[in-house]
Amino acid sequence: MLSWGAASGRALRWASGRAPARGLRASPRARTAMPSWVIDRYGSNEVLRFTRDMMFPIIHFPNEVIIKVHAASLNPIDLSMRSGYGATALNMKRDPLKLKTGETEFPLTLGRDVSGVVMECGLGVSYFKPGDEVWAAIPPWKQGTLSEFVVASGNEVSFKPKCLSHTEAAALPYVGLTAWSALNQVGGLNQSNCSGKRVLILGASGGVGTFAVQLMKAWDAHVTAVCSHDASTLVKKLGADDVVDYKSRNLEEQLKTLPLFDFILDNVGGSTEKWALDRLKKWSGATYVTLVTPFLINMDKLGVADGMLQTGVTVGSKTLKHLLKGVHYRWAFFMPSGPNLDEIAELVDSGKVPAVSSLGILAT
């Protein structure tokens, strides 16, 4: 049975079942089914179904592990996937050679975040062992975490921060890795080059935004956060130097009163992209990174080939257009990564990136 947890991200916690003793191995052959929340078709909330007969996960590759789920969480991507968002691209990733004739992705389990205990390891896994407390963000083309057990690649898994409970930990991996991808992997920011840089975060009060604010402050950047007045207290407690209320008056006009920025992270998209790049320092290496892209929508609407072609034309033309104006334009996506989660866990345990719930802002 699932119960609501206290951490941000609306963490879901398994209310029953104790963690196994260290060294105890639970073979997948011992069970064939498990409880899970699944969907059998795309739609709204009524397509969600609880079952006790979901197939028990099996290790297919030597680098995989089976995790006993102690807590999982929901993200906006789960709601979008429930409605069919990205189905074309994700199904191609699940079966690129189309070998599974007649099979579909259903029943499909949603949920990307997991915090739990390793139960079984593939023969090629040496970094983890049964009984280890771990966390991970499972890629959206795999079966999700709203189950009693989930299988993951070893390189997607990391040791859980020691200072967090499972419920708290389950709120962080997906949003943390998405922000890390945008800021570090795509944006090129890191601990050694952020000091004194002016960073603008649009949509700073969401899951990705709140983590991005904390990460940038941990790396000594000057952070301007854009959010509603209702979220300003939260964002200030996370360390933002300047907080701009986009509802109070025209956001573009408000930002024109501030010095130009070295980096912009856009979690909003839409019309924001039309003017946001004008707030960057020209010909200085300044970069705009957006997490709102038409990649999956193009493939859903146009099919794989035409969707990828349209996407390539769009990002290529925008990149060139803005490069000629003296700024860098880039897209970013969630990237599963155990090593990056290791770095995030280190920041969390050091207190540089505290869990939002530990600040006493969110109600239990």
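Attention in this report is confined to the structure presented alongside it. (Residues numbered from 1 in each chain as written. Predicted model: local features only at pLDDT ≥ 70, side-chain atom pairs only at ≥ 80, totals over all residues. Heavy atoms only, no water.)

With respect to the side chain of Ser147
Piece 1. For Ser147, the location among the structural elements is in the loop between β8 (133-137) and β9 (149-153).
Piece 2. Polar side-chain contacts of Ser147 include one of 2.5 Å to the side chain of Ser36. (Helix = DSSP H or I, 4+ residues; strand = E, 2+ residues; numbered from the N terminus. Polar contact = N/O pair within 3.5 Å; in protein donor to acceptor, adjacent residues only side chain to side chain.)

Quick notes on the packing of helix α2 (residues 87-94) against helix α9 (residues 295-302)
Relative placement of two packed helices is described by the angle separating their axes and the distance separating the axes.
Piece 1. Relative orientation of the contacting elements α2 and α9 amounts to 90°, with a least axis distance of 7 Å. Considered as vectors, α2 and α9 are oriented roughly perpendicular to each other. Contacts between α2 and α9 involve Ala87, Thr88, Ala89 and Met92 from the former and Leu296, Met299 and Asp300 from the latter.
Piece 2. Within the contact of α2 with α9, the residues separate by chemical class into 5 nonpolar, 1 polar and 1 charged. (Axes fitted to C-alpha atoms, helices over the stretch in contact; angles between N-to-C directions. Parallel < 35°, antiparallel > 145°, perpendicular 65-115°, else oblique. Contact = heavy atoms within 4.5 Å. Nonpolar A, V, L, I, M, F, W, Y, C, P; charged D, E, K, R; others polar.)

Section: the pairing of strand β5 (residues 64-73)
Piece 1. Judged by how many residues are buried, β5 sits mostly within the fold: 10 of 10 residues are covered.
Piece 2. In terms of strand pairing, β5 meets β9 through 5 bridges, oriented antiparallel. The residue of β9 that forms the bridge with Lys68 is Phe149.
Piece 3. Two elements, β5 and strand β7 (residues 113-121), share 8 bridges in a ladder whose sense is antiparallel. (Buried < 20%, exposed > 50% of the residue type's maximum accessible area, 1.4 Å probe, protein only. Pairing = 2+ DSSP bridges.)

Some remarks on the nonpolar core
Piece 1. Core analysis: the biggest nonpolar cluster contains 70 residues, and Ile201 and Met216 have the highest contact counts within it.
Piece 2. With 8 residues, helix α4 (residues 173-186) is the single largest residue contributor to this core.
Piece 3. Counting residues in hydrophobic clusters, the runner-up holds 17 residues, among them Val226, Val244, Leu251 and Ala286. (Core = buried A, V, L, I, M, F, W, Y, C linked by side-chain atoms within 4.5 Å.)

Things to note about the packing of aromatic side chains
Any pair of aromatic rings gets described here by the distance separating the centres and the angle formed by the planes.
Piece 1. Scanning the model with the defined rule gives 10 aromatic pairs in all.
Piece 2. Their ring planes at 70° and their centres at 5.3 Å tell us that Trp180 and Trp219 sit as a pair that is edge-to-face. Placement of the pair is Trp180 in helix α4 and Trp219 in the loop between α5 (207-218) and β12 (222-227), with a sequence separation of 39 residues.
Piece 3. With 5.9 Å between their ring centres and 70° between their planes, Phe295 and Phe333 make a pair best called edge-to-face. Of this pair, Phe295 sits in helix α9 while Phe333 is found in the loop between β16 (328-331) and α11 (338-349), placing the two residues 38 residues apart along the sequence.
Piece 4. Its relative accessible area of 26% is what places Phe295 among the partly exposed residues.
Piece 5. Cluster of aromatic residues (ring-pair linked, three or more members): Tyr127, Phe128 and Phe159.
Piece 6. Its end group placed over the ring of Phe149, Lys68 keeps NZ or CZ at 5.2 Å from the ring centre. (Phe/Tyr/Trp six-rings, centres within 6.5 Å; stacked < 30°, edge-to-face > 60°. Lys NZ or Arg CZ within 6 Å of the ring centre and 35° of its normal.)

Focus on the sheet that holds β16
Piece 1. Taking strand neighbours across the sheet as the criterion, the 6 strands line up as β13-β12-β11-β14-β15-β16 in an open arrangement whose pairing is parallel. Single-partner strands in this sheet number two, and they are β13 (242-245) and β16. For this sheet the average axis-to-axis angle between neighbouring strands, irrespective of direction, equals 15°.
Piece 2. Against the sheet, α5 makes contact with β11 (198-202), β12 and β14 (263-266), and its axis sits at roughly 170° relative to β11, the strand it touches most.

Quick word on a nonpolar patch on the surface
Piece 1. A cluster of nonpolar side chains, contributed by Trp37, Leu48 and Phe50, occupies part of the molecular surface with about 240 Å² of accessible area.
Piece 2. Among the secondary structure elements, Trp37 is positioned in strand β3 (residues 33-39). (Patch = residues over 30% accessible without salt bridge, like charges linked within 9 Å, V, L, I, M, F, W, Y side chains within 5 Å. Areas by Shrake-Rupley, 256 points an atom, 1.4 Å probe, with all protein chains shown as cover. Salt bridge = Lys/Arg side-chain N within 4 Å of Asp/Glu carboxyl O.)

Notes on α11
Helical geometry: 3.6 residues make up each α-helical turn, so side chains three or four residues apart lie on a common side.
Piece 1. With 12 residues, α11 extends 16 Å from end C-alpha to end C-alpha; this agrees with the ideal 16 Å at 1.5 Å per step.
Piece 2. For α11, the secondary structure elements touched by its buried residues are β8, β10 (157-159), α4 and α5.
Piece 3. For α11, the N-terminal cap is Ser337; the gap from its side-chain oxygen to the backbone nitrogen of Asn340 is 3.1 Å. (Expected span 1.5 Å × (residues − 1).)

Purely geometric stuff here, so don't read any function into it on its own.
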